[in-house]
Amino acid sequence: MSTVLVFGHKNPDTDTITSALAYAELKKKLGMDAEAVRLGEVNGETQYALDHFRVKAPRLIESVTGEAEEVILVDHNEFQQSADGIEDVRILEVIDHHRIANFQTADPLYYRAEPVGCTATILLKLYKEHGVEIAADMAGLMLSAIISDSLLFKSPTCTDEDIKAAKELAEIAGVDVEEYGLEMLKAGADLSQKTIEELISLDAKEFAMGDYRVEIAQVNTVDANDVLNRKAEVEAAIANTVAAKNLDLFVFAITNILTNDSEAIVVGPKPELFEQAFNVTLQNGLATLPGVVSRKKQIVPFLTEAATK
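Source: prediction; values computed, not measured. (Residues numbered from 1 in each chain as written. Predicted model: local features only at pLDDT ≥ 70, side-chain atom pairs only at ≥ 80, totals over all residues. Heavy atoms only, no water.)

S.K.: Residues and numbers for the sheet that holds strand E10 (residues 261-267), please.
M.R.: Here we have five strands laid out as an open sheet, ordered E7-E8-E9-E10-E11, and mixed in their pairing. Two strands lie at the open edges of the sheet, namely strand E7 (204-209) and strand E11 (286-289), each paired on one side alone. Put simply, the sheet's adjacent strands are angled 25° from each other on average, direction ignored. Taken together, the six bridges between E7 and strand E8 (residues 212-221) define a ladder with antiparallel strand orientation. Across the sheet, residue Ala204 finds its bridge partner in E8, namely Ala217. Across the sheet, helix H9 (residues 231-245) touches E7, E8, strand E9 (249-256), E10 and E11, and the angle it forms with E10 is around 55°. (Pairing = 2+ DSSP bridges. Helix = DSSP H or I, 4+ residues; strand = E, 2+ residues; numbered from the N terminus. Axes fitted to C-alpha atoms, helices over the stretch in contact; angles between N-to-C directions. Contact = heavy atoms within 4.5 Å.)

Right under this line is the structure:
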């Protein structure tokens, strides 16, 4: 039987990369020939986690065509966020914590989706259910995913289950959650060496919302001006993306991990969707979103509602 590839979404974040590694490791211990791969470049935050726990990043693929016949998806399910050629392979499993949309398969599959803040929280349960011990390096990577997705437990997506899982994983990994977590988030918030193209694609996801195609990108920072000072360049690059992908709207959220607020740069032919969703008036394509840190819970649902009215 050929190798089963395990991967998360395009423009991978820490949960995507580490969950692919941790779940591939579990499947191998259960007898499957599984390999974790990635669909994009590793960001600074994720690289910090990989370096800290001395784990090599998964190899990069651009398409599953010719790479595998069977795959497992983690941290996503929507096909536009997945690998090129995903429609032509058999999806064996999905382990996810997002909405379910634009997803169908020809065969039955194992599908595990739970309303928690991070895929890694579900993976901890799966390790326990199968009676498999978690190695310290994998525990550290899973902890990193929870810290990332929950912004060190400050995000509204964070649940009691995520906090409990993080504490358990931290003990296995032998790290202090607060100390390690803050250093990891700071590593991801350093945007000084990023190109404009990298900024808008580091953590970008495309969504189908009613009849509209919307892309939402997000970066974390400790000073939004690091990005806003380059606003004209950012808008120009986003406009190119909107044209190339025929998008109706592109929202670029700049999230301050110290104040837990976001600034949104909005580009595209349907800016009124954003204004309706958040009851704001854009000023030169910019809006402040107080208390908004989560794309999944605080941006996507409101845009979806506005787009489907």
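S.K.: Can you lay out the sheet that holds strand E6 (residues 110-113) for me, pointing to particular residues and giving the numbers?
M.R.: Strand-to-strand pairing in sheets goes through backbone hydrogen bonds, with the strands running parallel or antiparallel. Pairing in this open sheet of six strands is parallel, and the strands run E3-E2-E1-E4-E5-E6 from one edge to the other. Looking along the sheet, the strands with just one partner apiece sit at the ends: strand E3 (59-60) and E6. Across two bridges, strand E2 (residues 34-38) lies against E3 in parallel orientation. Note that in E3 the partner of Val37 across the bridge is Arg59.

S.K.: So what's going on with unusual backbone geometry? Which residues, and what values?
M.R.: Here Asn11, not a glycine, exhibits a phi torsion of approximately 50°, which is positive. As for its position among the elements, Asn11 is in the loop between strand E1 (4-7) and helix H1 (14-29). Classification of Asn11 as partly exposed rests on a relative accessible area of 24%. Positive phi is not limited to glycine here, since Arg54 has a value of about 55°. Within the fold, Arg54 resides in the loop between helix H2 (44-52) and E3. Of the residues examined, Arg54 reaches a relative accessible area of 79% and is grouped as exposed. (Buried < 20%, exposed > 50% of the residue type's maximum accessible area, 1.4 Å probe, protein only.)

S.K.: Kindly report on a negative patch on the surface, identifying the contributing residues and their values.
M.R.: There is a patch of like negative charges on the surface, built from Asp176, Glu178, Glu179 and Glu183. Within the element layout of this structure, Glu183 appears in helix H6 (residues 177-189). (Patch = residues over 30% accessible without salt bridge, like charges linked within 9 Å, V, L, I, M, F, W, Y side chains within 5 Å. Areas by Shrake-Rupley, 256 points an atom, 1.4 Å probe, with all protein chains shown as cover. Salt bridge = Lys/Arg side-chain N within 4 Å of Asp/Glu carboxyl O. Lys, Arg positive; Asp, Glu negative; His and termini not counted. Charge placed at Lys NZ, Arg CZ, Asp CG, Glu CD.)

S.K.: Now, about the pattern of salt bridges: what can you tell me, with residues and values included?
M.R.: On inspection of all chains with the given rule, the structure shows 18 salt bridges. Residue Lys28 pairs with Glu25 through a salt bridge whose shortest N-O separation is 3.9 Å. With Lys28 and Glu25 both in helix H1 and three residues apart, this pair spans about one turn of that helix.

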